[in-house]
Amino acid sequence: MTSSTTTPSRKIIHIDMDAFYASVEQRDFPELRGKPLVVGGDPNGRGVVAAASYEVRKFGVRSAMSCYEARRRCPDVIFVRPRFQVYREVSSDIRSIMQRLTPHIEPLSLDEAYLDVTGLQAHRGSATLMANWLRAQILENTGLTASAGVSFNKMLAKIASDINKPNGIAIITPADAEDFISTLPIERFHGIGKATAKRLHAMGVSSGADLRRLPATTLLQEFGKRGQFYHDIAHGRDERVVKSKRTHKSIGSETTFRDNLDDNDELRNQIYEQNDDAFNQMQKKQLIAHTITLKVKYADFTQITRSHTLSSAFSRAESAHYWLDKLFLDIPRHLPIRLVGVTFSSLAPATQQLPQLKLFE
Ligand SMILES: [Mg+2]
């Protein structure tokens, strides 16, 4: 342990159902169990593979492959028409199980989701126990197996869920991350597609260790803004947040006075009150904010707003007072004021209010 290393404290779970559509078909039609099965296409071999059972994967059949190619590789393949309505229903059951653990869920598709479980007390606070609980609940309620990846960011959690598939779990801890990333082929990094991989190979980069050796400036020159992201993930930094669907855009509170106000102290007290109210709402929803906005409406109904954004978050109601004072000083005072409001935006789950992580530097 070096003292320059800040322990990264996010806990992310990636849940990925095993051969989802194919497994639902095998669950509902026992005669399909143990068979090389493709969901999608038609018996004449037209169309594309939407999902492949593990039995047919042994022949090299993969999703997105043409059904013609699938039959060429596995002549005994059975094609099954997709039943998306059923998959959607199962998916929503799985979502409900996840919601019993946390509201911070980001679905990627019907069969995949990220969960941010940072700071949760359940299951002794262990993300691994939580992931295994999810897998057990999913199996019990749907009859289907899921694999899980546990790590401190999205990229590593997603890669981890693939390691012990099917019906497995893998954990990548901060201590494991450097070695793990070093040996990882660049094709496996988030956001590095075929074209980017080709350019990187031309630059002599084929593994995470190679990528880490490139200076950020080189990557920026070569790939623009994405280059910075590649540099970050090579160093185990992936700050992308788990974005749940019901994300609030902003939370605020405002009040209109019975009589217009002109007194600084009174106005400041009113602003603090709105701030504290907005802050309470935000805390109840387990959110934090990076941006604060002060709104003022004048006696003639014209209005003005002033905002400030912090790179760290507003963590306490009182800490916002300082910024509100500054914003208030910036408000022209040519007329009495009839309304003040405070709004928080750039919201994120409260569990993600963490120090910048510095790994292997
Ligand atoms: Mg899957």
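Scroll up for the structure.
In what follows, the accompanying structure is described. (Residues numbered from 1 in each chain as written. Predicted model: local features only at pLDDT ≥ 70, side-chain atom pairs only at ≥ 80, totals over all residues. Heavy atoms only, no water.)

## Quick look at the sheet that holds strand β12 (residues 337–349)
Now for step 1: Taken in spatial order, the 4 strands of this open sheet run β9-β12-β10-β11, and their pairing is antiparallel. Lying at the two open borders of the sheet, with one neighbouring strand each, are β9 (250–261) and β11 (303–314). Shown here is a sheet whose adjacent strand axes are inclined to one another by a mean of 15 degrees, direction ignored.
Now for step 2: Direction of pairing for strand β10 (residues 287–298) relative to β12: antiparallel, over a ladder of 11 bridges. Among the inter-strand pairings, alanine 289 is bridged to a residue of β12, identified as leucine 347. (Pairing = 2+ DSSP bridges. Helix = DSSP H or I, 4+ residues; strand = E, 2+ residues; numbered from the N terminus. Axes fitted to C-alpha atoms, helices over the stretch in contact; angles between N-to-C directions.)

## Overview of the state of the cysteines
Now for step 1: A full pass over the atoms with the stated rule returns 0 disulfides.
Now for step 2: We note that cysteine 67 lacks a disulfide partner, and the nearest cysteine sulfur, in cysteine 74, lies 12 Å from it.
Now for step 3: A relative accessible area of 1% means that cysteine 74 is categorised as buried. (Disulfide = S-S within 2.5 Å. Buried < 20%, exposed > 50% of the residue type's maximum accessible area, 1.4 Å probe, protein only.)

## A few points about helix α11 (residues 225–234)
Now for step 1: For α11, the full list of buried residues reads Gly227, Tyr230, His231, Asp232, Ile233 and Ala234.
Now for step 2: Looking at the buried residues of α11, the elements they touch are α6 (154–163), α7 (174–183), α8 (194–202), α9 (208–213) and α10 (216–223).
Now for step 3: Glycine 236 sits one or two positions beyond α11 and adopts a positive phi of about 80 degrees. (Contact = heavy atoms within 4.5 Å.)

## Description of the side chain of glutamate 112
Now for step 1: As for its position among the elements, glutamate 112 is in strand β6 (residues 112–116).
Now for step 2: Residue glutamate 112 is classed as buried on the basis of its relative accessible area of 15%.
Now for step 3: Here the side chain of glutamate 112 touches histidine 14 through a polar contact of 2.9 Å, side chain to side chain.
Now for step 4: At 2.5 Å, the side chain of glutamate 112 and the side chain of lysine 158 are in polar contact.
Now for step 5: Ignoring anything within four residues of it in the chain, the contact list for glutamate 112 reads His14, Ile15, Asp16, Glu106, Pro107 and Lys158. (Polar contact = N/O pair within 3.5 Å; in protein donor to acceptor, adjacent residues only side chain to side chain.)

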